[in-house]
Each structure stands twice: as C-alpha cells, then as structure tokens.
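# Overview (structure and organization)
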Amino acid sequence: MRATRRLTDNFTGSYAADSSAALSSPSVRTEPYISEATVQAPLLSCEAVEKRYGEFRPVLMGLDLAIRRGEFVLVQGAAGSGKSVLLRLLAGLERPSAGAIKIAGEDLARMRPRALTHLRRSMGILPPGDSLLRGRSVVENVALAAWVAGSTFEEGVRRARAALELVGLDAERFAAASCAALASGERQCAALARALVNRPALLLLDDLLGALDEATAARVIGVLDQFSAAGVTVVAAMRSGAAGLTLSDSMWPARTRILRLLDGKVAQ
Amino acid sequence: MSYTTSHVSALREALRRTLGRPIEFGLVVASSATMLAALALIALTLWRALPLEQPQWMRPQALVLAAGAQGEIDLAAVQTALRRVAIVASADFLARDAALAELAQRKSLSAIGLTDLRPNPLPDAFLVRFVPGAAPEAVESAVAEMRKVKNVESVEYQPELYRRISLLSQLAGRICLLLAAPLGAALIIGVSLAASLWIRIDQDEVQVLNLLGADPSIMRRPYVYAGAVSLLLAAALAWWMVVEASAWLEPLIGTAAQQYALRWAPAELPIWAGALFCLGAALLGALLGWLAARLAIGR
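Structural notes, computed from the coordinates. (Residues numbered from 1 in each chain as written. Chains lettered and ligands numbered in written order. Predicted model: local features only at pLDDT ≥ 70, side-chain atom pairs only at ≥ 80, totals over all residues.)

## Quick notes on the overall build of chain B
Helix and strand counts for chain B stand at 10 helices and 4 strands. Ordered by position from N to C terminus, the α and β elements of chain B give α-α-β-α-β-α-α-β-α-β-α-α-α-α. Buried residues in chain B amount to 28% of all 299 residues. By sequence separation, contacts in chain B at least 24 residues apart represent 84% of the contacts at least 6 residues apart. (Helix = DSSP H or I, 4+ residues; strand = E, 2+ residues; numbered from the N terminus. Buried ≥ 20, exposed ≤ 12 C-beta atoms within 10 Å, placed from the backbone. Contact = placed C-beta atoms within 7 Å.)

In structure tokens, the structure reads:
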C-alpha cells in the first residue's frame, strides 16, 4: 500500500491533474509537466537481477537498470532474450531468483501480495499475445481495468470509450462488438486501450507493435510519446527484426532509450 | 461502490458463468440434488424411526417387586436404594392397590373373579428405567445389583430383548452412517470439483483480472455466488424429490409399522424446514465455492 501511494502520489501532481483530458482528447501536451528533480529520481530500478527457471540457464543474469519517471524505454532483443520475463518482473507478476527490483524505492519482493495487487492498478500492462476476454464486448474488456480500480459502471464505460478513441478505435462502432469479431491489430489496440484506461503512472507493454500495421504503429507510438511527455514512464518490449523496428527512426520519440537484451544481459 | 466490487455485480457474473454453460450447470445441480435428496431421506427416516428422545419400547427397563408379603417395609428406602444403582434414570413406585385396580379394569381378568380376591395378592413394585443407550452388559450388572437390595423380592428383566434392540439400533445407525458419509463426501467433492473446473475454464479471465490488480476476494466472489446458487437450486430440487418420495413410501411404511407394532410418526414436511434446508445448502455451496476459488486462484 505504501508503495502504491507513493507511486500514485508523486504522479498526482504532474500528469494525473490533466489525466481525464489526456484520455478524452488525443492532443495531450507534449511538454513534460513535472519538475526536473522528480524526473531524475529512478521510478524503476533493477539491482543485479537474476531470473532462472529450474535447472535451465538463467533467463536474466546480473541485470542492473534504472528508469526515471517519464522515460520512454524500448527493450529490444531476440526471441528468448528475456524481454517478457523482465516486464513480468517489473510488474511484480514474478519474483527474481536473485537481486532486487524497486518501484519508487520499494522492493517488490518485500511487498505483501495485497499491496502488489494495488500497485498494479497504477500500472498499465499489455501482456504478449491476445489477452482480451472473448466472452466480453470490447468496451467491457477495456472498462474492466477501470472497474477493478474502483470506478463506477458508468465512469468505467465513459473512460473505456475515451481510451478506445485515443488508440484509434471508433468507440461508437467497436464498443458493443465482441472481441472475437476484431482483427488482430484491433485487438492489440483494444488491449492497449485497457492498459491506458486507468491513467497509469507506469506502462509495461510487451510485444507492443506485434500485430500492428505501420500506420497504426506510428499512431500508437505517438500516443505513448504524449503519455511519456506527460510524466508516464513507458517500458515497451519488441522483438528484434519485428515490423515496428523497421519504422523510420523519426517515428520513435527522439528521447527513446533503447536497451538491447542479449542472452539475459543488457548488451553494451 | 464500484461496479466489480458490488455484490449485485458478482451475482450477475456468477449467473453469467453458470447459465452460460447450461449442460455442465444442469449436471452439477442434478447430481447434487440427488445426493442431497438421499441424505435428506436418510435423515428423515432416522428422525421418524428414532427421534432424539428414544421411544419407551427402546429404553431398557426392569420391574422390581418388593417383598410386600412379609409385612410392612420401608418402600421409600427401597426406592432410594434403587435410584442409587448406577445407570438408573428413574424408579417409579407402582402401588399394589393401584396395580390391582388396573388389572380389575381389564374385562378378561375380571371375568375370572380377580376382583373377588382378598387380600390383594399383588406385591408393591417399582418400574426402573435405565439411561437411554446404556450398554446391555451395564444394564445386566445393574439388575444383579438391584437383586441384592434389601426387601427386593425379584427383578423382572428380559436381557435378550434389550440385547437384540440394542444390536439392531447400532446396526441401523452404522448402515445409515455408511450410506450418508460417502454421499456427503461425494457432494462436497463434486461441488468443489465443479467450482475448480469453472475456475480453470475461466483461467484467462482470472489471469487478466490478476494483471489488472483485482483483489483476490473480488475475483473469488462470483465463484462463491455460483456455488451458493448451484446448491440452492440443487436443494430446492432435492426437497421436491424428498416430498415426492415420502408421499410414495409413507403408506407402505405406515402399514408395515402397524403390522409389526413399530413406532412410525408420519408428519407433513413443513415449509420452514424446506427453506432451512435450501438456506443451509446455499451456505454450504458458498463455502465450497470460496474454498475452491481460494485454492485455484491462489495458485
């Protein structure tokens, strides 16, 4: 709970004040709202993090990493390089075999499960693959994150519609549609809308552009850039050689920090 | 209260998940109802045949005859001595004059001139009742002790009869337990497995909710309601089965009980008992749903 409050409280003075505007309108201010001192403090840090599964070789080995508030980080690597594992560790969904992961100075391994659960409400997580629930409509899928975080039914739906518009899906057209009826790229966008709907302080996006065409990818990157500029920390993972990386460099924010993972380590 | 944390929302979600799989839901309800009905019938039969207070014919008793013919004796002292014997529940005095008057009222005995007998040939007696459920050996030992009490002429007790009743009672109890225990276990295991199965089917949803930071208690809630709703419906169905089965068997059992001079107390099944039965089953279902969800979501 303490870490949750700290993560959110620090954030409230910066982005959250204009957060409803950020969701209801795609034109978010691109100038950072937060002070330089706040930006300099690492929001996320990994200290000698190691992750191994059973007797197999470690997926991550001695990973040291510090990510500041409002940073846009692109984790890049081949299949099996440990990108998804790193994001799961950052989300507190798994625990490292060795080392420490801290969010806002709080060691995730020492947090109680309930506090971790609450912490995840201030994160926007995009898991790899198709994570939408087939039995629910698009708007229900997106609003679910808001409802879980405590929004009323109407508020959740309103924010879900705004988030859908933000990622380029026509809320009127897609709201009532079943997720099974969407194309893979549309599903990816809807899942991203679900990650954005709670106005998170931290976005952890795995396989971000996996199912997107070039135009949609460019739009999504633009939206994320706006969020990042508004103080949201963005950590996105992408496979080396994936379509998104062939986009021209100008499509990525100039301040994007690229981390290349190779055999469980950050390549120099 | 937010949408997902409200109980109405959880109930709606439970109904969506259960009614969304009508075949599985129907099977769970039907099998649970059959087991509940069997359990209820066993309990009902036991209740009607052997109520909590054992009937008189099942309780061991002995007739203690006092040595009245030898002159005046201290009956109160005899009664006190009898009451002091272990496992004696009561020792009621039967006065010889009252016994004679009772006998004289019987037509068959008055016809042979019993009422003309003088003086009264009957002894004073005590009807001694032992504590219900006492072991036959203990009763026999107590009877032997009573025979040694001063001014007791004889003690009439049929050890074989009580041994048979005791044996039959134990046998009936164990048979019912043998039937009820596996049925109860099957009911609990069945409902728990059904709840676990639903959670496994909904694993995607559970994972997504976990990812979004949903409270485990809120994730469990629909399964708690699903368990309660399933067993509530099963109990209602089971109660209907019990009512129908009772109506079908009642005349036969009543006739048989009359023929063999056994106690059988037919009674209408009150509505409140049915409501209580359904409520109990719903609570059991909620508990099983909660346990299954706690185990499955915890993993």
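## So, the overall build of chain A
Scanning chain A from terminus to terminus reveals 10 helices and 10 strands. Taken over 268 residues, chain A has a buried fraction of 48%. Sequence separation of 24 or more characterises 77% of the internal contacts of chain A that already satisfy a separation of 6 or more.

## Side note on helix H1 (residues 7–19) of chain B
All names here are of chain B. Taking 1.5 Å per residue as the helical rise, H1 with its 13 residues ought to reach 18 Å, and the 18 Å between its terminal C-alpha atoms agrees with that figure. Of all the residues in H1, the buried ones are Ala-10, Ala-14, Arg-17 and Thr-18. What you see down the axis of H1 is that its buried residues fit within an arc of 90°, all on one side. Exposed and oriented more than 90 degrees from the buried face of H1 are Val-8 and Leu-19. (Expected span 1.5 Å × (residues − 1). Arc of directions from axis to C-beta.)

## A short note on helix H3 (residues 75–84) of chain B
Residue and element names in this part refer to chain B. Taken together, the buried positions of H3 are occupied by Val-78, Ala-81 and Leu-82. The buried residues of H3 occupy an angular sector of 100° when the element is viewed end-on, so they sit on one face. For H3, the exposed residues lying more than 90 degrees away from the buried face are Ala-76, Ala-77, Thr-80 and Arg-84. Tucked into the core, H3 has its buried residues touching strand S1 (61–66), strand S2 (88–94), strand S3 (125–130), helix H6 (136–147) and strand S4 (152–156).

## Remarks on the sheet that holds strand S5 (residues 106–107) of chain A
Residues and elements named next belong to chain A. Taken in spatial order, the 4 strands line up as S2-S1-S4-S5 in an open sheet, and their pairing is antiparallel. Either end of the sheet is taken by a strand with one partner, and the two such strands are strand S2 (60–68) and S5. The pairing of strand S1 (residues 42–51) with S2 spans 6 bridges and is antiparallel. Bridge pairing in S2 places Lys-51 opposite Leu-60. Contacts between helix H4 (residues 83–90) and the sheet are confined to S1, S2 and strand S4 (98–103), with S1 contributing the most and set at about 125° to the helix. (Pairing = 2+ DSSP bridges. Axes fitted to C-alpha atoms, helices over the stretch in contact; angles between N-to-C directions.)

## Describing the interface of chain B and chain A
Counting from both sides, the interface comprises 12 residues of chain B and, opposite them, 18 residues of chain A. Grouping the constituent residues of the side of chain B that touches chain A by class yields 6 nonpolar, 3 polar and 3 charged. (Nonpolar A, V, L, I, M, F, W, Y, C, P; charged D, E, K, R; others polar.)

## Side note on the pairing of strand S8 (residues 233–239) of chain A
All names here are of chain A. The element S8 is extensively covered by neighbouring structure, given that 7 of its 7 residues are classed as buried. Sheet topology note: the strand S3 (residues 72–77)/S8 ladder contains 6 bridges and is parallel. Looking at the pairing, Val-75 lines up with Ala-237 of S8. In this region the chain leaves strand S7 (residues 202–205), passes through helix H10 (residues 214–229) and returns to the parallel neighbour S8; the handedness of that crossover is right-handed. (Right-handed = clockwise from strand over helix to strand, strands pointing away.)

## Points about the packing of helix H6 (residues 138–148) of chain A against helix H7 (residues 153–166) of chain A
All names here are of chain A. Packing of H6 against H7 leaves a shortest axis separation of 8 Å and a crossing angle of 120°. Here H6 is positioned oblique relative to H7, judged by the angle of their axes. Note that H6 runs across H7; the crossing there is right-handed. Counting all contacts with H6, which are made through Val-139, Val-142, Ala-143, Ala-146 and Trp-147, the residues of H7 involved are Glu-155, Gly-156, Val-157, Arg-159, Ala-160, Arg-161, Ala-163 and Leu-164. Residue composition of the contact of H6 with H7, grouped by class: 9 nonpolar, 1 polar and 3 charged. (Parallel < 35°, antiparallel > 145°, perpendicular 65-115°, else oblique. Left-handed = near helix turned anticlockwise from the far one by under 90°.)

## Regarding the environment of Ala-91 of chain B
Residues and elements named next belong to chain B. Topologically, Ala-91 is positioned in strand S2. The exposure class assigned to Ala-91 is buried, which follows from the 20 C-beta atoms found within 10 Å. As a C-alpha pair, Ala-91 and Val-128 span 37 residues in sequence and 4.3 Å in three-dimensional space. Beyond its immediate stretch of four places on either side in the chain, Ala-91 contacts Gln-79, Leu-82, Arg-83, Phe-126 and Val-128.

## Comments concerning the pairing of S4 of chain A
Residue and element names in this part refer to chain A. In the sheet, S1 pairs with S4 via 5 bridges, with the strands oriented antiparallel. Within S4, the position partnered with Glu-47 by the bridge is Ala-100. Relative to S5, S4 runs antiparallel, the two sharing 2 bridges. Considered in S5, the bridge of Lys-102 is made with Asp-107. In sequence, S4 turns back onto S5 through a hairpin of 2 residues, with Ala-104 there showing a positive phi of about 50°.

## As for the sheet that holds S2 of chain B
Residue and element names in this part refer to chain B. Across the sheet, which stays open at both edges, the 4 strands sit in the order S2-S3-S1-S4 with antiparallel pairing between neighbours. In this open sheet, the two strands that pair with only one neighbour each are S2 and S4. Recorded for the sheet is a direction-independent mean angle of 20° between the axes of neighbouring strands. Pairing of S2 with S3, which is carried by 6 bridges, proceeds in the antiparallel orientation.

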